[in-house]
Every structure is written in structure tokens, then in C-alpha cells.
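# Residue-level structure breakdown
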Amino acid sequence: ESGLEFDPAKVVRTAVENAQDSKSAWRRGDLIVEITKQLPDCLGGLERHQVRALVNELADAALQSGADTEVVRLTARNLVPLPPELTREDGLSVYARHGAVRYATKAHLEREGRVIEQDTELGAPAVSREAIEAAVAEAGLNEGQEQAFRSILASGRRMEVVAAPAGTGKSRLAGAIHDTWTQECGPVIGLTVSQRAARVLSEEGVRNAQNIAKFLDVHRRLE
């Protein structure tokens, strides 16, 4: 009556794409949320238990080995068979957290592989040890920041990753790297996921700092 059609394959495909876009590794619960968002209004006459059963059926189809979605299970399976008294109905250990199994699409894993392969190659510009030591003496960094500062500037790799909790001085480190890199190698562009983070980078001395959405929009307009 609504004029809408229910295409289960399209719902599953779109839900998997959206789950992958939001997280590099996602859980069944994330997929169920996305499937629920994709259900058309023409299913509005279903009872709650029917909707729940449908959503779970679609999630099972998406996660099934060999499905068109090409979803890969990232969480390792049990290497040693568990006794029945320690196994849940879903085959996991009773000690495993419910819904903790993570997934990703084959296409996403292939993209990650290409990024890692390209960005760990050597041959990118690097700052000399002498310049690094001179910069360290003036930067006022703590021990952890100094270690990352030396490693990043001298590595010669196309990509470096710094992972640390909030408030540990990553922005301060980025500002110090900006100053030395600008002086020794060339200009720096600071890109962040939010405007607030861009302002923080600016306050730390990264003069050309923008959030990614604005950066991409400006370049689309230029094109």
C-alpha cells in the first residue's frame, strides 16, 4: 500500500557498508542497529517480535561465510574444542563477553593492507639527527613526547602513528613536530576530525589546521 518494496539484499548490503564506514572493526550489535535503520516503512505492520526475528535473520545472512557481503570474522575462534558445559548456544565460551566478536569486510581489510604496505615504505623526507637534538633542547617535551618526536622525525617512513590517551600531550607533540618539520623539510597541514581539535592544533602552533570535512569541501569546490 505504501508503494515501497522490501529488498532484503539491499538492506543487508547498505547496513554492512554503514557499519564499516563508522568503525574499522564492528560487532553484530553495530550491524543490527544499521539493519534496523534500513528497514522500509512498508514493514510497519509487523509485530515487535516479528521485527526482532527479521533483523536477526538479516544479520545472520550478512555474517554467514561466503555471503555476498564478504564479511570477515576478526575474532579468533577457539583453538581447543570446549566441553559442552563451557559452551554457549552460539558456540562461544561461557567466559567470552556476549556480542564481543568483531568483523570487517574483505574490501576494508584489503584497503588497510594497501595503506600499511605503502606507508611503511622508506624514502620519505627525514630530519637530521643534529637538527632533532637541537629542537629537543628547546621544545620542553617530557620523556614520552621526546621519544616519539625523535622517532617520527628521523624515521623516513611515509606514515607514523602515535596512540595515547587524551590529555597526554599529543597536540603539544604535534606542535613541536610542526615547528621542526616546517624549518627543515617544508610546510605542514594539520587535519582533524573536529573543529575543536583543529583549534587545539592551532593553539599549539600548527598554523594551517582544518577539520577534514572542511578540507575536503574546499578541495571539491576548487576542482
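Quick caveat, the model's predicted, so the values are computed rather than measured. (Residues numbered from 1 in each chain as written. Predicted model: local features only at pLDDT ≥ 70, side-chain atom pairs only at ≥ 80, totals over all residues. Heavy atoms only, no water.)

A count of helices and strands for the chain gives nine helices and five strands. Along the chain, helices and strands appear, N-terminal first, in the series α-β-α-α-β-β-α-α-α-α-β-α-β-α. Each principal axis of the C-alpha distribution contributes one length, and for the chain these read about 70 × 50 × 30 Å. Here the chain, with 223 residues, has 27% of them falling under the buried criterion. Within the chain, contacts between residues separated by at least 24 positions form 62% of all contacts whose residues are at least 6 apart in sequence. (Helix = DSSP H or I, 4+ residues; strand = E, 2+ residues; numbered from the N terminus. Buried < 20%, exposed > 50% of the residue type's maximum accessible area, 1.4 Å probe, protein only. Contact = heavy atoms within 4.5 Å.)

Another aspect to go through is the pairing of strand S3 (residues 102-105). The pairing of strand S1 (residues 26-27) with S3 spans two bridges and is antiparallel. Note that in S3 the partner of Trp26 across the bridge is Tyr103. (Pairing = 2+ DSSP bridges.)

Right, let's get into the sheet that holds S1. Across the sheet, which stays open at both edges, the three strands sit in the order S1-S3-S2 with antiparallel pairing between neighbours. Each edge of the open sheet carries a strand with a single partner, namely S1 and strand S2 (71-73).

Approximately 1100 Å³ is the volume attributed to the largest pocket. As for the largest pocket, its lining consists of 37 residues, of which Glu160, Val162, Lys170, Ala174 and Ile177 are closest to the centre. Of all elements in the fold, only helix H7 (170-184), strand S4 (190-192) and helix H8 (195-203) reach the threshold of two or more residues within the lining of the largest pocket. No other element matches the eight residues that H7 contributes to the lining of the largest pocket. Of the residues contributing to the lining of the largest pocket, the split by class is 21 nonpolar, nine polar and seven charged. Considering only enclosed or pocket space, the second largest pocket measures out at about 760 Å³ in volume. (1 Å grid on protein atoms, 1.4 Å probe; cavity = no way out; pocket = protein on both sides within 12 Å on 5 of 7 lines; lining within 4 Å. Points joined across faces, edges and corners; volume = space filled by probe spheres on them. Nonpolar A, V, L, I, M, F, W, Y, C, P; charged D, E, K, R; others polar.)

To continue, consider the side chain of His108. Structurally, the position occupied by His108 is in helix H4 (residues 106-119). Once residues lying within four places of it in the same chain are set aside, the contact partners of His108 are Gln20 and Ser24.

Turning next to the nonpolar core. Core analysis: the biggest nonpolar cluster contains 20 residues, and Val16, Trp26, Leu31, Ile35, Leu39 and Leu58 have the highest contact counts within it. Only helix H1 (8-22), helix H2 (28-38) and helix H3 (48-63) provide two or more residues apiece to this core. The element that contributes the greatest number of residues to this core is H3, accounting for six residues. Residue contacts for Trp26: discarding those within four places in its chain leaves Val16, Ala19, Gln20, Leu31, Leu63, Val71, Val101, Arg102, Tyr103 and Ala104. Listed in part, the 14 residues of the second largest apolar core include Ile132, Ala139, Leu173 and Ile177. (Core = buried A, V, L, I, M, F, W, Y, C linked by side-chain atoms within 4.5 Å.)

Moving on, we come to the pattern of salt bridges. Evaluated as defined, the whole model comprises seven salt bridges. The shortest N-O distance in the salt bridge between Lys23 and Asp30 comes to 3.1 Å. Between Arg28 and Asp60 there is a salt bridge whose closest N-O contact spans 2.8 Å. Note that Arg28 is positioned in helix H2 and Asp60 in helix H3, a separation of 32 residues in sequence. By relative accessible area, which is 24% here, Arg28 ends up partly exposed. Its relative accessible area of 43% is what places Asp60 among the partly exposed residues. Put simply, Glu133, Glu146 and Arg150 are held in one network by salt bridges that share partners. (Salt bridge = Lys/Arg side-chain N within 4 Å of Asp/Glu carboxyl O.)

Such coordinate-based values are descriptive only and should not be taken to indicate function.
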